[in-house]
Amino acid sequence: MSDVLAITEHRRGELRDVSFELPTACRELAGESGDVHLAVIGGDVDAFAAELDRDGVDVIHTVAEGEEFNHDVYTQVVEALVAALEPRYVLAPHSVNGLDYAPALAQRLGYPLVTDVVACDLDGELTVTRELYNGKTEAGVAVESELALLTIRPGEWEPAEGAGDARIEAFDVELDESAVGSTVTGFEEVGAGDVDISEADVLVSVGRGIQEEENLDIIFELADALEATVSSSRPIVDNGWLPPDRQVGQSGKQVTPEVYIAIGISGAVQHVAGMKGAETIIAINDDPSAPIYDIADYGIVDDLFDVVPALTEQFS
Amino acid sequence: MKVLVTVAEVAEADDEFEIDGLTIDDRYLTFDLNEWDNYALEEAIQLREALGEVEVVSVTIGPERAEETIRQGLAKGADRAIRVWDDELAALDLLDSGTKASLLAGVAREEEPDLILSGVQSADGAFGATGVALAAELGYQWAAVVNQLDLDADDGVASVHRELEGGVEELTDVELPAVLTIQTGINEPRYASLRGIRQAQTKPLDVKTPEELGVELGEPVLSLTSLAEPETESDVTYFEGGADESATQLAELLRERGVDA
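Residues numbered from 1 in each chain as written. Chains lettered and ligands numbered in written order. Predicted model: local features only at pLDDT ≥ 70, side-chain atom pairs only at ≥ 80, totals over all residues.

**Student:** Let's hear about the overall build of chain A: which residues, and what values?
**Tutor:** When helices and strands are tallied, chain A shows nine helices and 18 strands. Dimensions of chain A along its principal axes, counting C-alpha atoms only, are 70 × 45 × 35 Å. Residues classed as buried in chain A amount to 53% of the 316 residues present. Taking as baseline every contact in chain A between residues at least 6 positions apart, the subset at least 24 positions apart corresponds to 64%. (Helix = DSSP H or I, 4+ residues; strand = E, 2+ residues; numbered from the N terminus. Buried ≥ 20, exposed ≤ 12 C-beta atoms within 10 Å, placed from the backbone. Contact = placed C-beta atoms within 7 Å.)

Okay, here's the thing in structure tokens:
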């Protein structure tokens, strides 16, 4: 019994990237002899299944229930799939929707849950790698169980490629409608303001290190001098200092400017997910161990309140 | 109406720290109220301010040290607090979400809240699983990663916005009783007033053991095997020599890249 089942994710008619990374992680755990099963729940399941039929996928189970994600439906369907397939491991994306059903599913199945997994090592016993202490350390976590539910961090495994020859099977499940206690009533795009940071060539991006709202002045002065656009990391938007449409990151926008200047930004994984595609990344942060320096091309480890005005001066 | 708020004390490591076995040496750690839970607590207090007649109870799994953090919540406006702990919990190096959920469910069964608010995740562990696991344990409804909440107490429905990735929000109606996991930015958490801080000293803070809650801890399902600083793949060119000198070098680079006013 070393089959692995992964639950793919889609939203508003499109499979999300992590859905193609899941089979790669599954194959690692299934070895050569185990089967990789994918589940596609809701939406245009046949079209999704055709897209997911890539190298290394053995079976794709389609469940045509609803259009969009509903955690009650997902939980019930996966419970039934697990009962039918008896996989050793169940994988889900570490995403907002993954977080909305995986913990409940683990509870119902009685499986241990490890979330936000970045690597797996299966040598008889399963040991996974995930971050602890706010990303400052990496921990090995041993799973003391034959079975487990894991959510995997997007972007950590290569997407499965190539044409596959998976069996595509419709999976019938009798839903208990009375257990569906939440209803999705719609979607909303946030912060469609007049500035589109995803279109900017040069972004001057500000984070928690700016400390106070009034200190934003030096950021806007630099942006003016460089004819650049101001963006930010999450805490600045949470504080209400800049509108949501300026936020770079997982919950904000993905940007790919020519130059990205990260000022007082530590570089948490959620932020990096939104800007790692920038051509040149420059970090100004007085903490030499800040994770932003893992992806920056250039850095100044110094007080931003000294460096930023000095840089503005150079262009005035 | 009663709102239960799950509150965790989290450890923040200094910029420079040393690892001692499977933990960061205490000397390099600062303990504080988890940021997400601070927003959850604020949301509960605002519900009381909007609806009247709402009791706000906080619950924490943690050692005696956490009482300072718990008092912070009482100072901000929680009515009373419960702390769950015993020696067996203290001996675990990693508390999995299933165990947390069963302990918190033990408290919830005694308290019978209409609504449970929980931070999306803790800053240090970031499993992001406790709230939803708790809902499943209790048979409550739930919604994860909520950044807007409108409560219709009469109809028993919470209309929420869930913050999905990429600037999209999902609008969902959830029947009470429910657990909502609260995202940062949903409100503006208040600072405790001096009066609040004084009052917090006399507000009830009950300590319960798993046994008193009727929760039997099983064998640990997860254990730590290693803890290390991640290897950096850093390939940074640093500009040095003080702010003016480094700014001059950076300006030169920016001009090479065609950035110029």
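**Student:** Can you break down the overall build of chain B residue by residue, with the values?
**Tutor:** Tallying secondary structure elements over chain B gives seven helices and 15 strands in all. Projected onto the principal axes, the alpha-carbon positions of chain B cover approximately 65 × 45 × 40 Å. Counting the 261 residues in chain B, one finds 48% classified as buried. Partitioning the contacts of chain B with sequence separation of at least 6, the portion at a separation of at least 24 is 70%.

**Student:** Could you give an account of the nonpolar core, naming the residues involved and the relevant values?
**Tutor:** With 126 residues, the main nonpolar core has L91 of chain A together with L180 of chain B as its most contacted residues. Looking at this core element by element, the count peaks at seven residues for strand β9 (residues 141-152) of chain B. Those residues in contact with L91 of chain A that sit more than four places away from it in its chain are V4, A6, L22, A25, C26, L150 and I152 of chain A. Among the nonpolar cores identified, the runner-up in size contains 51 residues, and V230, V255, A262 and L304 of chain A belong to it. (Core = buried A, V, L, I, M, F, W, Y, C linked by C-beta atoms within 7 Å.)

**Student:** Can you lay out the sheet that holds strand β18 (residues 298-300) of chain A for me, pointing to particular residues and giving the numbers?
**Tutor:** Spatially, the six strands line up as an open sheet ordered β15(A)-β14(A)-β16(A)-β17(A)-β18(A)-β15(B), and their pairing is parallel. At either end of the open sheet lies a strand with only one pairing partner, and these are β15 (229-232) of chain A together with β15 (237-238) of chain B. As paired elements, strand β14 (residues 202-206) of chain A and strand β16 (residues 259-263) of chain A share five bridges and run parallel to each other. Bridge assignment links L203 of chain A to a residue of β16 of chain A, and that residue is Y260 of chain A. On the sheet, helix α9 (residues 304-314) of chain A packs against β16, β17 (280-284) and β18 of chain A and is oriented at approximately 130° with respect to β17 of chain A. Strands in contact with helix α7 (residues 243-256) of chain B are β16, β17 and β18 of chain A; relative to β18 of chain A, the strand with the most contacts, it is inclined by about 155°. (Pairing = 2+ DSSP bridges. Axes fitted to C-alpha atoms, helices over the stretch in contact; angles between N-to-C directions.)

**Student:** Describe unusual backbone geometry, and please don't skip the residues or the numbers.
**Tutor:** Cis rather than trans, the peptide bond between L176 of chain B and P177 of chain B has omega equal to -5°. Within the secondary structure, P177 of chain B is located in the loop between β11 (168-175) and β12 (178-182). With phi around 55°, D116 of chain A is a residue other than glycine that occupies positive phi space. As for its placement among the helices and strands, D116 of chain A is situated in strand β7 (residues 113-117). Backbone geometry at N134 of chain A places phi at a positive 55°, although glycine is not the residue there. On the secondary structure map, N134 of chain A appears in the loop between β9 (125-132) and β10 (137-143). In this structure N134 of chain A comes out as partly exposed when scored by C-beta crowding, with 18 C-beta atoms within 10 Å.

**Student:** I'd like a description of the sheet that holds β7 of chain A, backed by residues and values.
**Tutor:** Residues and elements named next belong to chain A. Strand order in the open sheet formed by seven strands is β7-β11-β6-β1-β4-β5-β12, with parallel pairing between adjacent strands. Since the sheet does not close on itself, it has two edges, and those belong to β7 and β12 (167-170), each with one partner. If you compare each strand with its neighbour and ignore which way they point, the axes differ by 20° on average. In terms of strand pairing, strand β4 (residues 36-41) meets strand β5 (residues 59-63) through five bridges, oriented parallel. If you follow A39 over to β5, its bridge partner there is H61. Strands β4, β5 and β12 of the sheet are contacted by helix α2 (residues 45-52), whose axis makes an angle of about 165° with β5.

**Student:** Outline the interface of chain B and chain A, listing residues and values.
**Tutor:** Facing 74 residues of chain B, the contacting portion of chain A comprises 74 residues. Sheet topology note: the β10 of chain A/strand β14 (residues 222-228) of chain B ladder contains six bridges and is antiparallel. From the neighbouring strand, A139 of chain A faces β14 of chain B, where its bridge partner is L227 of chain B.

**Student:** Hey, could you go over the domain arrangement of chain A for me, with residue numbers and the actual values?
**Tutor:** Once the domains are mapped, chain A shows domain 1 (4-179) and domain 2 (197-314). Taking the mean C-alpha position of each, domain 1 of chain A and domain 2 of chain A sit 34 Å from one another. (Domains from an automatic or database assignment.)

**Student:** Just give me the short version of α7 of chain B, but keep the residues and values in it.
**Tutor:** Taking 1.5 Å of rise per residue, the 14 residues of α7 of chain B would be expected to cover 20 Å, and the 20 Å separating its terminal C-alpha atoms lies within 8% of that figure. Taken as a whole, α7 of chain B has its buried residues at A243, S246, A247, L250, A251 and L254 of chain B. Taken end-on, α7 of chain B shows its buried residues confined to a sector of 145°, consistent with a single buried face. In α7 of chain B, the exposed positions that point more than 90 degrees away from the buried face belong to E252, R255 and E256 of chain B. In this fold, the buried residues of α7 of chain B make contact with β16, β17, β18 and α9 of chain A. (Expected span 1.5 Å × (residues − 1). Arc of directions from axis to C-beta.)

**Student:** So what's going on with the environment of G274 of chain A? Which residues, and what values?
**Tutor:** All names here are of chain A. Take G274: it is sitting in helix α7 (residues 269-275). Spatially, the C-alpha atom of G274 lies 24 Å from that of A102, the residues being 172 residues apart in sequence. Among residues more than four places away in sequence, those in contact with G274 are V248, G249, Q250, G252, K253, Q254 and V255.

**Student:** Outline the packing of helix α5 (residues 216-226) of chain A against α9 of chain A, supporting the account with residue identities and numerical values.
**Tutor:** Residue and element names in this part refer to chain A. Interaxial distance between α5 and α9 falls to 9 Å at its minimum, and their mutual angle equals 25°. Taken together, the axes of α5 and α9 lie roughly parallel to each other. The way α5 lies across α9 gives a crossing that is left-handed. Between α5 and α9, the residues in contact are I218, I219, E221, L222 and A225 and V308, P309, L311 and T312, respectively. Counted by class, the contact of α5 with α9 contains seven nonpolar, one polar and one charged residues. (Parallel < 35°, antiparallel > 145°, perpendicular 65-115°, else oblique. Left-handed = near helix turned anticlockwise from the far one by under 90°. Nonpolar A, V, L, I, M, F, W, Y, C, P; charged D, E, K, R; others polar.)

**Student:** Hey, could you go over the packing of helix α3 (residues 71-85) of chain A against helix α4 (residues 98-109) of chain A for me, with residue numbers and the actual values?
**Tutor:** All names here are of chain A. Between α3 and α4, whose axes approach to 9 Å, the crossing angle comes to 40°. On the basis of the axis angle, α3 is oblique to α4. Once α3 is placed against α4, the crossing between them reads as right-handed. Only D100, Y101, A104, L105, R108 and L109 of α4 make contact with α3, whose side of the interface consists of H71, Y74, T75, V78, E79 and V82. Among the residues making up the contact of α3 with α4, the classes are represented as seven nonpolar, two polar and three charged.

**Student:** Residue-level account of the confidence of the model for chain B, with values.
**Tutor:** In the predicted model, chain B carries a mean pLDDT of 95, and the fraction of residues at 70 or more is 100%. Scored as a complex, the prediction yields pTM 0.91 and ipTM 0.92. (pLDDT = per-residue confidence, 0-100.)

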